[in-house]
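# A look at the structure
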Amino acid sequence: MKEAETLGHLLIVGGGAAGLTAAGFAAKERPDLKITVLERGGRPARKVRITGKGRCNVTNNCTVEEFIRHVPENGRFLYGALSALTPQDTMELFEGLGVPLKTERGSRVFPCSDKAADIAEALVRFAREGGVLLKQGRGAALLMKDGVCRGVRTADGEELAADAVIVCTGGLSYPLTGSDGDGYRLAEQAGHTLIPPRPSLVPLISPARWCAEAQGLSLRNCRLTARDNRTGKTVFEDLGELLFTHFGLSGPLVLSASAHMRQMAPGRYTLLLDLKPGLTPEQLDVRLLRDLEENRNRDFANSLDKLLPRKLILPMVRLSEIPPDRKCHSVTREERTRLAVLLKALPVPVDGFRPVEEAIVTSGGVSVKEVSPKTMESKRVPGLYFAGEVLDVDAYTGGYNLQIAFSTGAAAGRQAALSLD
């Protein structure tokens, strides 16, 4: 085993959004400190570089109170951190780092360049301009002395001594970017309670075979309603884009819906797709009457090309139970009504989530009951802090999850820096 090497008073494990933010704010608070970010990959902020399909939804330009309403569990825990670094503060930070921002639909904030790499590089610059050292390595175990965290042992046996340690290793989503649960193991070593990790903002599995038939089809203007079959309540409804896959459904709309389906079990939820959200039921009936009349002598199955994408025609014909060879002029009013109901509320049963590795974020993690909400310091082990996705806090889509990383990272970095002599 290599001898302990003191690289700095503050050691941050994880060079993602939370870790780099923590480093940058710690350096601003105490320029005299030695600060090291231990990143297991060769390139920091790897997950940031692929968020938002490479565009990076940086934050959401809303108030703290509005923000917390988009955090389904433990939202109040974030009040202090969000108040200290608001979404508007984050926007000012990145623009000060040379990244112009723009606000789009739903108050979602993106770089004007539409390049996530600009945000990632700004984070790296924020840390490096403060004199932070970026070191490659994987944190394998905490170094403890008299019940206080005093550093980290790396996977190759190197001991890195420090006066304080901030764990910012992410969750289990996107393991190729380095998030594979290291932080959970470090937390458990320190005696922290771990809320079982589960996927959030994740594609959904459906037993409906016709979804696979429509594989690759993207609907850009679809209204999705998610219904809890046990309670009969609607848990989510919105208009947007979704994608049919070999296993079920994906796309931005579906990922958003998944975060509201917290009690997932086979058959618990059903998605209802409105394929014609711009038409009222009455307008749709007029449209169907016109289309059927225009194709009166054609088979029903051959008359829907103007009404539906090609990949949905055969599934819809089967689901409508209208004989495919029925001439359009013979389609009854009852059959037409049945088709209209399907077009406005196409049911897609849900069996479960795709694996957590395919999720955008991980729900669950270090119990926030054991972490100070203002400082992110462990209530169990002095000198140990947590920030970002490793905590049991996750939000809906819209820039909220990255803001959580920035705010908790800033809180941890500032407090850790101020606590050191």
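Everything discussed here concerns the structure shown above.
Overview of the structure.

Reading guide: rules and limits
- Residues numbered from 1 in each chain as written.
- Predicted model: local features only at pLDDT ≥ 70, side-chain atom pairs only at ≥ 80, totals over all residues.
- Heavy atoms only, no water.
- Helix = DSSP H or I, 4+ residues; strand = E, 2+ residues; numbered from the N terminus.
- Buried < 20%, exposed > 50% of the residue type's maximum accessible area, 1.4 Å probe, protein only.
- Contact = heavy atoms within 4.5 Å.
- Areas by Shrake-Rupley, 256 points an atom, 1.4 Å probe, with all protein chains shown as cover.
- Lys, Arg positive; Asp, Glu negative; His and termini not counted.
- Charge placed at Lys NZ, Arg CZ, Asp CG, Glu CD.
- Phe/Tyr/Trp six-rings, centres within 6.5 Å; stacked < 30°, edge-to-face > 60°.
- Lys NZ or Arg CZ within 6 Å of the ring centre and 35° of its normal.
- Salt bridge = Lys/Arg side-chain N within 4 Å of Asp/Glu carboxyl O.
- Axes fitted to C-alpha atoms, helices over the stretch in contact; angles between N-to-C directions.
- Parallel < 35°, antiparallel > 145°, perpendicular 65-115°, else oblique.
- Left-handed = near helix turned anticlockwise from the far one by under 90°.
- Polar contact = N/O pair within 3.5 Å; in protein donor to acceptor, adjacent residues only side chain to side chain.
- Expected span 1.5 Å × (residues − 1).
- Pairing = 2+ DSSP bridges.

Attention now goes to the overall build of the protein chain. Across its full length, the protein chain holds twelve helices and 21 strands. By principal-axis analysis of the C-alpha atoms, the protein chain measures approximately 85 × 40 × 35 Å. Split into buried and exposed, the 421 residues of the protein chain put 56% on the buried side. Taking the contacts inside the protein chain whose residues are at least 6 apart along the sequence as the reference set, 74% of them involve residues at least 24 apart. For the protein chain, the accessible surface area stands at approximately 18100 Å², while carbon and sulfur atoms represent 50% of it. Charged side chains of the protein chain number 55 positive and 50 negative; the gap between the two group centres comes to 4 Å.

Applying the stated rule across the entire model yields four aromatic pairs. On the numbers, 5.1 Å between centres and 75° between planes, the contact of F67 with Y400 is edge-to-face. Remark: Y400 occurs in helix α12 (residues 400–419) and F67 occurs in helix α2 (residues 64–68); sequence separation between them is 333 residues. Among the residues examined, F67 registers a relative accessible area of 0% and is labelled buried. Note on Y400: relative accessible area 4%, which makes it buried. Of note, R55 hangs over the ring of F110, and the distance from its end group to the ring centre comes to 3.9 Å.

On to the pattern of salt bridges. Throughout the structure, instances matching the rule amount to 30 salt bridges. Residue E293 is joined to R296 by a salt bridge in which the shortest nitrogen-to-oxygen separation is 3.1 Å. On the basis of relative accessibility, which here comes to 46%, the residue E293 falls in the partly exposed class.

Put simply, helix α10 (residues 310–320) and helix α11 (residues 333–344) touch, their axes get as near as 9 Å, and they point 125° apart. As far as their axial angle goes, α11 and α10 are oblique. Considering how the two elements wind past one another, α10 and α11 form a crossing that is right-handed. Residues M316, L319 and S320 of α10 pack against R338, L339, L342 and L343 of α11.

As a further point, take the environment of R227. Within the secondary structure, R227 sits in strand β14 (residues 218–228). Taking the C-alpha atoms as reference, R227 lies 44 Å from G98; in sequence the two are 129 residues apart. Residue contacts for R227: discarding those within four places in its chain leaves G232, K233, T234, R268, Y269, T270 and L272. For R227, the side chain forms a polar contact with the side chain of N229, separated by 3.4 Å.

We now examine unusual backbone geometry. Unusually for a residue other than glycine, K53 sits at a positive phi of about 55°. Mapped onto the secondary structure, K53 falls in the loop between β3 (35–39) and β4 (59–60). For K53, a relative accessible area of 69% corresponds to the exposed category. The phi angle at L201 is positive, at roughly 55°, despite the residue not being glycine. For L201, the position within the fold is in the loop between β12 (194–200) and β13 (204–205).

What follows deals with the environment of R287. Tracing the backbone through its elements, the reader meets R287 in helix α9 (residues 281–294). Considering only alpha carbons, one finds R287 and A340, 53 residues apart in sequence, at a separation of 9.9 Å. Setting aside residues up to four positions removed in sequence, R287 forms contacts with K306 and L307.

Moving on, we come to the side chain of T59. Here T59 is to be found in strand β4. Taking the relative accessible area as the measure of exposure, T59 reaches 0% and is therefore buried. A distance of 2.7 Å separates a polar atom in the side chain of T59 from a polar atom in the side chain of Q403. If near-sequence neighbours (up to four positions away) are discounted, T59 is found in contact with P87, M91, S107, R108, V109, G398, G399 and Q403.

Before going further, it helps to examine helix α5 (residues 116–128). With 13 residues, α5 extends 19 Å from end C-alpha to end C-alpha; this agrees with the ideal 18 Å at 1.5 Å per step. Along α5, the residues classified as buried are A116, I119, A120, A122, L123, V124, F126 and A127. Against α1 (17–29), α4 (87–96), β5 (101–104), β6 (108–111), β7 (133–136) and α12 lie the buried residues of α5.

Ordered in space as β4-β6-β5, the three strands form an open sheet in which the pairing is antiparallel. Single-partner strands in this sheet number two, and they are β4 and β5. Here β5 pairs with β6 via four bridges, running antiparallel. Note that in β6 the partner of T103 across the bridge is V109. Against the sheet, α4 contacts β4, β5 and β6, and its axis sits at roughly 145° relative to β5.

Moving on, we come to the sheet that holds strand β11 (residues 164–167). Ordered by their spatial adjacency, five strands build an open sheet running β7-β3-β2-β11-β21, and the pairing between neighbours is parallel. In this open sheet, the two strands that pair with only one neighbour each are β7 and β21 (384–386). Taken pair by pair, the neighbouring strands of this sheet meet at an average axis angle of 20°, ignoring direction. When strand β2 (residues 10–13) meets β3, the two strands line up parallel, connected through four bridges. Note that in β3 the partner of L10 across the bridge is I35. Relative to the sheet, α1 contacts β2, β3, β7 and β11, its axis offset from that of β3 by approximately 175°. Where α12 meets the sheet, its contacts fall on β2, β11 and β21, and the angle it forms with β21 comes to roughly 165°.

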